[in-house]
Amino acid sequence: MKKEASVTGISDMELVEKILNLKQQKNAVLLAHFYQVPEIQDIADYVGDSLGLAQKAAASNVDMIVFAGVHFMAETAKILSSDTKVILPDLEAGCSLAASCPKDKFSEFKAKYPEHIVISYINCTADIKTLSDLICTSGNAVQLVESFPKDKKIIFAPDKNLGGYINRITGRNMILWDGTCEVHDVLSTETVIQLKVENPDAKLIAHPECKAPVLELADYIGSTTAMLNFTGKDNSKKYIVATETGILHQMRKNSPEKEFLIVPTDETCSCNDCQYMKLNTLEKLYLCMENESPEILLSDEVISKAQVPIKKMLDMSKNLNLIK
Ligand code: 13P
Ligand code: SF4
């Protein structure tokens, strides 16, 4: 992805110093998702998947949460830590899954299935969370769905690929909202097969937001944290990675002796970047900490309603031993 032109003219090294100072001065915590650029991951207090980040936000005891991720993640942090100021370097850092599921359309959809409960993937807006009975992440979705009786009527939103994957491995028939992640959904079996043929010694690891035919070829399927843990423990020396490029940074740090090949979106690039995640830069991070803006603001009503299904997820995950 092309580097944006600097507006401050401050070097990356100076920006890092300024960010670290601001973090101390303002009693702030910097939370970053694995899909952030390496230079942001390297100065974060915590780098993780959506489940880990939600848990850190809930447990935070600071004056300000700086969220290096996308909008729905920062909203989740605000919902879980409503007395804390939450800032995001770029308010345009959205998500195709969250955008695919607007509140009015989802309310109409939900009304067609009055007997169903709603389990929503955390990659949705705060408004959708207020309409949900339970939130899940890719790190706990299978176990949370399995905690309900097999005949429980469930709507799953907004990711049809993750929902389809859960349906297949749990033998359920959840009704799926028709949303996808634009980063994972474009990965093709042709590209994966070509990489497998060229690298017969490599294992394919995939995020469950990928399409079913790609998942069928995978040796391991899991959330970003689960994939990272897998490559750390597994004895293979080479991996074909079907998710966003940012995760390679931690995989390489964790296992420097191993080789990681990302599944590219097309022939023009050997990467697979999320355009929203990559809107955050060191410079925007510095500016947002300096100005304490853009800030995530939600009404008390949305916070209190959306808290219920997210807290339920965190409690259930603790009970299922999914949170360490
Ligand atoms: P996890 O890191 O929770 O697996 O989520 C991946 C993702 O697409 C986040 O936007
Ligand atoms: Fe959304 Fe996909 Fe980007 Fe994650 S990687 S923020 S799911 S568009």
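Residues numbered from 1 in each chain as written. Chains lettered and ligands numbered in written order. Predicted model: local features only at pLDDT ≥ 70, side-chain atom pairs only at ≥ 80, totals over all residues. Heavy atoms only, no water.

A. Up close: helix 4 (residues 71-80). With nine of ten residues buried, helix 4 lies mostly within the body of the structure. When helix 4 is considered as a whole, its buried residues turn out to be Phe72, Met73, Ala74, Glu75, Thr76, Ala77, Lys78, Ile79 and Leu80. Those residues of helix 4 that are buried lie in contact with strand 1 (28-33), helix 3 (50-59), strand 3 (64-68), strand 4 (85-87), helix 7 (126-130) and helix 15 (300-319). (Buried < 20%, exposed > 50% of the residue type's maximum accessible area, 1.4 Å probe, protein only. Helix = DSSP H or I, 4+ residues; strand = E, 2+ residues; numbered from the N terminus. Contact = heavy atoms within 4.5 Å.)

B. How the structure looks around the sheet that holds strand 12 (residues 259-262). Judged by pairing direction, the sheet is parallel, and its four strands sit side by side in the order 10-9-11-12 without closing on themselves. Where the open sheet ends on each side, the last strands, each with one partner, are strand 10 (220-221) and strand 12. (Pairing = 2+ DSSP bridges.)

C. Spatial organisation of the site of ligand 2. Every residue lining ligand 2 is accounted for by Tyr35, Val70, Cys95, Ser96, Leu97, Asn123, Cys181, Val183, Glu209, Cys274, Tyr276 and Met277. Grouping the constituent residues of the shell around ligand 2 by class yields nine nonpolar, two polar and one charged. (Near = heavy atom within 4 Å. Nonpolar A, V, L, I, M, F, W, Y, C, P; charged D, E, K, R; others polar.)

D. Layout of the pattern of salt bridges. Across all of its chains, the model carries twelve salt bridges by this definition. With its nearest N and O atoms 3.0 Å apart, the salt bridge here joins Asp178 to Lys160. One end of the pair, Asp178, is in the loop between strand 8 (175-176) and helix 10 (189-198); the other, Lys160, is in helix 9 (residues 160-170), with 18 residues separating them in the sequence. Take Asp178: its relative accessible area is 58%, and that puts it in the exposed class. When salt bridges with common partners are traced through the structure, they connect Lys26, Lys85 and Glu292 into a single cluster. (Salt bridge = Lys/Arg side-chain N within 4 Å of Asp/Glu carboxyl O.)

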